[in-house]
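Coordinate inspection notes
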Amino acid sequence: DQQVKQNSPSLSVQEGRISILNCDYTNSMFDYFLWYKKYPAEGPTFLISISSIKDKNEDGRFTVFLNKSAKHLSLHIVPSQPGDSAVYFCAAGPLMNYGGSQGNLIFGKGTKLSVKP
Amino acid sequence: KAGVTQTPRYLIKTRGQQVTLSCSPISGHRSVSWYQQTPGQGLQFLFEYFSETQRNKGNFPGRFSGRQFSNSRSEMNVSTLELGDSALYLCASSITGGGSQPQHFGDGTRLSIL
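Notes on the structure in this doc start here. As the structure is a computational prediction, the values presented were derived from the model and not from experiment.

1. Re the sheet that holds strand E1 (residues 5-7) of chain B
Residues and elements named next belong to chain B. If you walk across this open sheet you meet the four strands as E1-E3-E8-E7, and the pairing is antiparallel. On the outer flanks of this sheet lie E1 and strand E7 (64-68), each paired with one strand and no other. For this sheet, the mean inter-axis angle between neighbouring strands, taken without regard to orientation, is 20°. Summarising the sheet, E1 and strand E3 (residues 19-24) pair through three bridges and their orientation is antiparallel. Within E3, the position partnered with Gln-6 by the bridge is Cys-23.

2. Regarding the environment of Gln-3 of chain A
Residue and element names in this part refer to chain A. Of note, Gln-3 is situated in the segment before strand E1 (4-5). Judged by its relative accessible area of 27%, Gln-3 falls in the partly exposed class. In this structure the C-alpha to C-alpha distance between Gln-3 and Ile-106, which are 103 residues apart in sequence, comes to 7.3 Å. Not counting the four nearest positions on each side in its chain, Gln-3 is found in contact with Asp-24, Tyr-25, Thr-26, Asn-27, Phe-30 and Ile-106. In this structure the side chain of Gln-3 is engaged in a polar contact, spanning 2.9 Å, whose partner is the side chain of Asn-27.

3. Re a nonpolar patch on the surface
A cluster of nonpolar side chains, contributed by Ile-18, Ile-20 and Val-78 of chain A, occupies part of the molecular surface with about 220 Å² of accessible area. In this structure, Ile-18 of chain A sits in the loop between strand E2 (10-14) and strand E3 (19-25).

4. Comments concerning the layout of surface pockets
All names here are of chain A. When its volume is computed, the second largest pocket comes out at roughly 200 Å³. Around the second largest pocket, the lining is made up of 13 residues, and of these Lys-38, Pro-40, Ala-86, Val-87 and Lys-112 lie nearest the centre. Those elements that provide at least two residues to the lining of the second largest pocket are strand E9 (86-93) and strand E11 (111-116). With three residues, E9 is the largest single contributor of residues to the lining of the second largest pocket. Classifying every residue of the lining of the second largest pocket by side-chain character gives six nonpolar, four polar and three charged.

5. Focus on the sheet that holds E3 of chain A
Whether parallel or antiparallel, the strands of a sheet pair through hydrogen bonds between backbone atoms. Residue and element names in this part refer to chain A. With antiparallel pairing, the five strands of this open sheet are ordered in space as E1-E3-E8-E7-E6. The sheet terminates laterally at E1 and strand E6 (56-59), the two strands that pair on one side only. Note that E1 and E3 share two bridges and pair antiparallel. Across the sheet, the residue bridging to Val-4 is Tyr-25, located in E3.

6. Here's the deal with the state of the cysteines
Residues and elements named next belong to chain A. Applying the stated rule across the entire model yields two disulfides over all chains. Paired by a disulfide, Cys-23 and Cys-90 hold their sulfur atoms 2.0 Å apart. As the torsion about the S-S bond is roughly -70°, the Cys-23-Cys-90 disulfide counts as left-handed. Of this pair, Cys-23 sits in strand E3 while Cys-90 sits in strand E9, placing them 67 residues apart in sequence. Pair check on accessibility: Cys-23 and Cys-90 agree, each one buried.

7. Brief notes about the pairing of E11 of chain A
All names here are of chain A. Taking every second residue as pointing to the same face, the buried face of E11 carries Thr-111, Leu-113 and Val-115, while none of Lys-112, Ser-114 and Lys-116 on the other face is buried. As defined by bridge partners, E2 adjoins E11 across five bridges and the pair is classed as parallel. Note on E11: the bridge partner recorded for Ser-12 is Ser-114. In the sheet, E9 pairs with E11 via three bridges, with the strands oriented antiparallel. Each bridged residue has a counterpart across the sheet, and for Ala-86 the counterpart in E11 is Leu-113.

Reading the values: rules and limits
- Residues numbered from 1 in each chain as written.
- Chains lettered and ligands numbered in written order.
- Predicted model: local features only at pLDDT ≥ 70, side-chain atom pairs only at ≥ 80, totals over all residues.
- Heavy atoms only, no water.
- Pairing = 2+ DSSP bridges.
- Helix = DSSP H or I, 4+ residues; strand = E, 2+ residues; numbered from the N terminus.
- Axes fitted to C-alpha atoms, helices over the stretch in contact; angles between N-to-C directions.
- Buried < 20%, exposed > 50% of the residue type's maximum accessible area, 1.4 Å probe, protein only.
- Contact = heavy atoms within 4.5 Å.
- Polar contact = N/O pair within 3.5 Å; in protein donor to acceptor, adjacent residues only side chain to side chain.
- Patch = residues over 30% accessible without salt bridge, like charges linked within 9 Å, V, L, I, M, F, W, Y side chains within 5 Å.
- Areas by Shrake-Rupley, 256 points an atom, 1.4 Å probe, with all protein chains shown as cover.
- Salt bridge = Lys/Arg side-chain N within 4 Å of Asp/Glu carboxyl O.
- 1 Å grid on protein atoms, 1.4 Å probe; cavity = no way out; pocket = protein on both sides within 12 Å on 5 of 7 lines; lining within 4 Å.
- Points joined across faces, edges and corners; volume = space filled by probe spheres on them.
- Nonpolar A, V, L, I, M, F, W, Y, C, P; charged D, E, K, R; others polar.
- Disulfide = S-S within 2.5 Å.

Structure follows, in structure tokens:
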């Protein structure tokens, strides 16, 4: 049973436009959410995160939105650049206490973003 | 600051053999997690180590094991290899594994079973 779902395996966007990547989760215990970007032959690179006490977090061109009632989060990239072409993974987990792990990150299967010049 | 280092990058084994993969976390990071990535399955959590103790474990058979050393370096071992173990194995580290800390990944070890 997939607890974190990225329903779009791929997305194609024109350079300069907005890219919107979506992610749904089912576990109500999740309260920490992250986005990673992965290029071929490299490990995932952390992009941005959000905890459940917020509904939006921005970092430069990247903004993550969280809708807890809908158990949905999205990543907006504005403006999109060809270098953003990669696979994007959404991940979720419970907030863990220092000194004790309460869980681990659960990843979606990824969305391949292609930004065309 | 050096990132997470995984060795070797590529490995070819045959069925029935065993393999050991190594991970050096970012300096100062004490939590190390291992993930398996296969096509169509995404990243699946194997286990997490903190202060030389396995703190959390995913749903993998006992053939998959690991350990962590006092310098936080970690090794993962897979015994009696099966064809289905062919995958990219990723290691990730964080400071303590708690409190809204992102995990930082290495580039992985690509394991191929013949």
